[in-house]
Each structure stands twice: as structure tokens, then as C-alpha cells.
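# A structural walkthrough
What follows is the residue order along each chain.
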Amino acid sequence: MTKNQFLTDSNAYLKFIKGNFAESTFDEKSRKLRYYADMLYRLCQEGSVSSCNPRTMTKEDINAFVMYRRSCGIEDSTISKDLGHIGDLLFFVKNNAMAEYKASYGNKKPSAYNGKLEPLPNDTIDKIYDLARSTDDWVTLEGCMAIILGCAAGLRPQEARMLYASDVHYDDPRPTIDVRHVKGEGSWGRRRRVPLLDNVGDIFAKYMDMRQRKLEEHGIESDAFFPPFRGDDEFVTQQSMSRFKSAVAKQIGEDFVLKDGRRAYGQRLLDKGVPIEFVSCSMGHSTVATTQKYYANYRDSFVNSKIFDMIGQ
């Protein structure tokens, strides 16, 4: 569901409670719910939450929302008010996720939380590459590619969703991907060309061949890297991208979100000593500060090595 469902349920809830609150309080509730609709929709597009539909949100979605707000420097007192507004809406649509969240997570705040979430581990990435090379199943290969575009090229999930096949130059001596739809639909930033790492050209060649056969089977033409085989849309939905990922996660027995691959891309470049300015440009960040805040989680071994190099030991 899109944020429209959140707004539809919010309007029904506001209509139901109108007259029970002072006008200023009612206006504040209305403003806040519109704000949450936009925020949750964006988090859903990024793959941070599974749903922004008040009827299907889970306790894990609520926890992801809380962690995001904390990463933005929002105080717990304000987040508590946020949860109050959202909880009232969820209760109105008969969703018990807020009660389940409070029972499972309470109001604990991680003692050292700094906004830097863990990237996809290297051994998990290796499992995905091995699975992509060995599978003959379209759904599995499609899911692997949704993840590989993050960990090998640093694409945001919504950038991968709206990628064109003609913009993937996997067979060049120095393979690259042109990112046209920066940050996703309706949010246009600076277009960029990113290097395709990890020598995964063979996986892309395999995918492109199978993709072409699927298009021919359905009798359609599409330049979308992930072509939708149903309906008239140009691209698959963000929910489809999450579904692709889930099919792979289940097979390899790992639990992660789609954006963990992008985090791995940034983290591994930094661990290899690539200047943060270059990493920032390749990831499409507007400033180096964003890269520093969310991705510069340097490993102790990397820091120690650099220190010894600098002092000549």
C-alpha cells in the first residue's frame, strides 16, 4: 500500500474524533499524521519498513520508525508523542502492533546508537553471489540482483527499482551503471555513474539473458532492469523489490533489509581506504557529512593500520 492508505485511514480517524478535542489539538493531530504518512512512505520505499499501511504495520516496522527518529537526533520525549499519535490510529483500524511493540521493545534506547546501522556481512554477500551463479530459477536470480545492485554498486532500493537495462554496462573493461532516477520517483537529484565492483559481470550477463527470455515468453518489450510482467506500469513496485529480497533471504537463512547491501558498499569502500569524498559521490550523497554520519563506521583493524602507516611502524 502507498502512503494514501495511511492518509485515508487518518482522515477516517480524524473525522471520528472531531469535536472531542480542542481545535488546536485537532489541528496538531492532523498535521502530525500527514507528516508521518510522508515519513513512513519514504522508509517503506527505502526498505526500512515492510509496510506504511496502518492496517498491516508490524511491531518491527514501529521499531524501525523509532530507530530512524533517533538517528535524526529526535529526543525520546518527542518520539513518545509520535508513538501516541500513531498508536491511536492503529488502534482505530484494529491493529495491535503498537501494544506488541511496547511489550517487546519497551522504551529502551541503545546506549551507543549513533545512526550507523550494520552493513550486510561479507560472508552473506558471498552466499548471494554463489546463489546467483548456481541458480536456474528466475525468481531467485531476480532477488539476488535486487541485493547485488546495492552491495556491488551502492544503489538505493528505489534507484534499483527504476533502473534501465540499457544503463547497465556490465561488459565494459571497467563496468559501470548510470543512475538516472536518483533517490527514486519524484525526487530528482544529480545523476551519477557508479563503478560496478566485485567482478559480478558474469552474474549480470546471466541475468540479462534470462530476463530477455522472460520478456519474449510474455510477449512484451521493456527497458526496465526489473520488468513488470503484469499491468501497464513502467517499473515494479517497491513492495516487489522487498519480495525479491525476501525470497533470497529465506533460501540462505539470513535476516536483513534491502538497504543493508548499500551500506555494505559504502562501508567496504571506506575499509579499503577509498577517500570519503569519492565514496560520497559514488553513493549520491549531497554532502560528505551524510556519508560520515551513516557509513563511516571504521573498523578497529583499519584505523590501527592507518595509524601505524602514518607514524612509520
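Description of the structure in this document.

Cut-off values and rules
Residues numbered from 1 in each chain as written. Predicted model: local features only at pLDDT ≥ 70, side-chain atom pairs only at ≥ 80, totals over all residues. Heavy atoms only, no water. Salt bridge = Lys/Arg side-chain N within 4 Å of Asp/Glu carboxyl O. Helix = DSSP H or I, 4+ residues; strand = E, 2+ residues; numbered from the N terminus. Buried < 20%, exposed > 50% of the residue type's maximum accessible area, 1.4 Å probe, protein only. Expected span 1.5 Å × (residues − 1). Contact = heavy atoms within 4.5 Å.

### Let's talk about the pattern of salt bridges
Close approach of charged atoms allows side chains with opposite charge to pair. Tallied over the entire structure, the rule returns 16 salt bridges. Lys-259 serves as the salt-bridge partner of Glu-46, at 3.8 Å between the closest nitrogen and oxygen. Of this pair, Glu-46 sits in helix α2 (residues 23-46) while Lys-259 sits in the loop between α10 (238-252) and α11 (260-271), and the two are 213 residues apart along the sequence. Side by side, Glu-46 and Lys-259 carry an identical accessibility label, which is buried. For Asp-198, the salt bridge is made with Arg-268, and the minimal N-O distance between the two is 3.0 Å.

### Re helix α3 (residues 59-71)
Helix length check: α3 (13 residues) gives 18 Å between terminal C-alpha atoms against 18 Å at 1.5 Å per residue, within 8%. If you check which residues of α3 are buried, you get Asp-61, Ile-62, Asn-63, Phe-65, Val-66, Met-67, Arg-69, Arg-70 and Ser-71. Elements in contact with the buried residues of α3: α2, α4 (76-92), α5 (97-105) and α13 (288-294). Downstream of α3 by one or two residues, Gly-73 has phi in the positive range, about 85°.

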